[in-house]
Amino acid sequence: MSTAGDDTEAIPADAIAILDHGFVRLDAAMADDLSVVNGARVSFARRKDELDDSDAGLVKFLMRDRHGSPFEHNAFRFHIRCPIFVAREWFRHRIGSFNEFSMRYAKATDDFYVPAASDVRTQVGKPGAYSFQPVDAELAERTRAALTEAYDRAYATYEELVEAGVARELARAVMPVGAYTQFYWTVNARALMNFISLRNAEFAQLEIRRYAEAVESFFAEKMPITYAAFIENDRTAP
């Protein structure tokens, strides 16, 4: 599929590219390790302007003993472009704020997710205990071709309906969940660690895990002491 030509569809220079048409970028952040330290020390009417060695120990203690509220005094604002089915999983994480692209008001994208051949997989096992294995090369290419054909047909129908005068809010009903959407997500570090612990994990769906890996890299960069404590605590959010 081609890009629709709207500037908002392009991958920004400061973003991490994900899948075939997606990205994650950190739009803004009010987040550092000092926010955790001061959030905790205010209980004793103390405040610091700079971190010292004792603060790493405090952050580790807060993480280990699950004193979670000091990790909430910060904010990350992400700009994300992903397939609709990934966004629907993402929005299950309700501690955060979301604003999403709307096909009621803007023309639908003609970018759709077609997995790389190596990412086409089969599902093995019982519900709740699935494992996934690659399919053979012929089935992988047949899957990719079938998805592309279905996307082309769906988007052509969408365009035909809009051109005939059908409102976009109704014509969008033909769009498959493999279509790309985009949204802004604002979240604090505590909720972000919960997201990372669940979505950048062995049993998370491959597609959202790729996004969670990118989100995690931004978190590690902005709050390295908190991130180190998170890893030391077996990636368990406080």
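Quantities reported herein were computed from a predicted structural model and do not represent experimental measurements.

(A) A look at the packing of aromatic side chains. Under the counting rule described, the total for this entry stands at 21 aromatic pairs. Look at Phe-78 and Phe-218: their rings are 6.2 Å apart centre to centre, the planes differ by 55 degrees, and that puts the pair in the tilted class. Taken together, the residues span a long stretch of sequence, with Phe-78 in strand 3 (residues 75-83) and Phe-218 in helix 7 (residues 206-222) at a distance of 140 residues. Overall, Phe-78 belongs to the buried group, its relative accessible area being 0%. Note on Phe-218: relative accessible area 11%, which makes it buried. When the centroid spacing of 5.3 Å and the interplanar angle of 80 degrees are considered together, the rings of Trp-90 and Phe-183 count as edge-to-face. A residue pair is termed long-range when its members are at least 10 positions apart, and Trp-90 in helix 3 (residues 84-90) and Phe-183 in strand 7 (residues 180-187) qualify at 93 residues.

(B) Structural detail: the pattern of salt bridges. For the coordinates displayed, the defined rule picks out 21 salt bridges. Taking the shortest distance from any N to any O, the salt bridge between Arg-25 and Asp-14 comes out at 3.2 Å. Residue Arg-25 is located in strand 2 (residues 22-30), and its partner Asp-14 is located in the segment before strand 1 (16-18); the two are separated by eleven residues in the primary sequence. Classification of Arg-25 as buried rests on a relative accessible area of 13%. Here Asp-111 ties to Arg-81 by a salt bridge, and the two come within 3.3 Å at their closest N and O atoms.

(C) Up close: the packing of helix 1 (residues 33-41) against helix 2 (residues 53-64). Taken N-terminus to C-terminus, the directions of helix 1 and helix 2 make an angle of 75 degrees; their axes are 10 Å apart at the nearest point. Relative to helix 2, the element helix 1 is oriented roughly perpendicular. Along its contact with helix 1, which presents Val-36, Val-37, Ala-40 and Arg-41, the element helix 2 presents Ser-54, Asp-55, Leu-58, Val-59 and Leu-62. Partitioning the contact of helix 1 with helix 2 into residue classes produces six nonpolar, one polar and two charged.

(D) Representation of the packing of helix 2 against helix 8 (residues 224-232) within the structure. Relative to each other, helix 2 and helix 8 sit at 45 degrees, their axes nearing to 9 Å. Here helix 2 lies oblique to helix 8, going by the angle between them. Read as a crossing pair, helix 2 and helix 8 show a hand that is right-handed. For the pair helix 2 and helix 8, contact is made by Ala-56, Val-59, Lys-60 and Met-63 and by Ile-225, Thr-226, Ala-229, Phe-230 and Glu-232, respectively.

(E) Up close: the pairing of strand 7. The buried count for strand 7 comes to six of eight residues, which makes it a mostly enclosed element. One ladder, built from eight bridges, connects strand 3 with strand 7; its direction is antiparallel. Within strand 7, the position partnered with Pro-83 by the bridge is Tyr-180. Pairing geometry for strand 4 (residues 97-100) and strand 7, over four bridges, is antiparallel. Looking at the pairing, Phe-98 lines up with Trp-185 of strand 7.

(F) Quick look at the sheet that holds strand 4. If you walk across this open sheet you meet the five strands as 1-2-3-7-4, and the pairing is antiparallel. Unpaired on one side and paired on the other, strand 1 and strand 4 mark the two borders of the sheet. Sheet twist, expressed as the average angle between the axes of neighbouring strands with direction ignored, equals 20 degrees. By the bridge criterion, seven bridges tie strand 2 to strand 3 in an arrangement that is antiparallel. The residue bridging Val-24 from the neighbouring strand is Ile-80, located in strand 3. Its contacts with the sheet place helix 6 (residues 189-199) against strand 3 and strand 7, and it is angled at close to 135 degrees to strand 7.

The rules behind the values
Residues numbered from 1 in each chain as written. Predicted model: local features only at pLDDT ≥ 70, side-chain atom pairs only at ≥ 80, totals over all residues. Heavy atoms only, no water. Phe/Tyr/Trp six-rings, centres within 6.5 Å; stacked < 30°, edge-to-face > 60°. Helix = DSSP H or I, 4+ residues; strand = E, 2+ residues; numbered from the N terminus. Buried < 20%, exposed > 50% of the residue type's maximum accessible area, 1.4 Å probe, protein only. Salt bridge = Lys/Arg side-chain N within 4 Å of Asp/Glu carboxyl O. Axes fitted to C-alpha atoms, helices over the stretch in contact; angles between N-to-C directions. Parallel < 35°, antiparallel > 145°, perpendicular 65-115°, else oblique. Contact = heavy atoms within 4.5 Å. Nonpolar A, V, L, I, M, F, W, Y, C, P; charged D, E, K, R; others polar. Left-handed = near helix turned anticlockwise from the far one by under 90°. Pairing = 2+ DSSP bridges.

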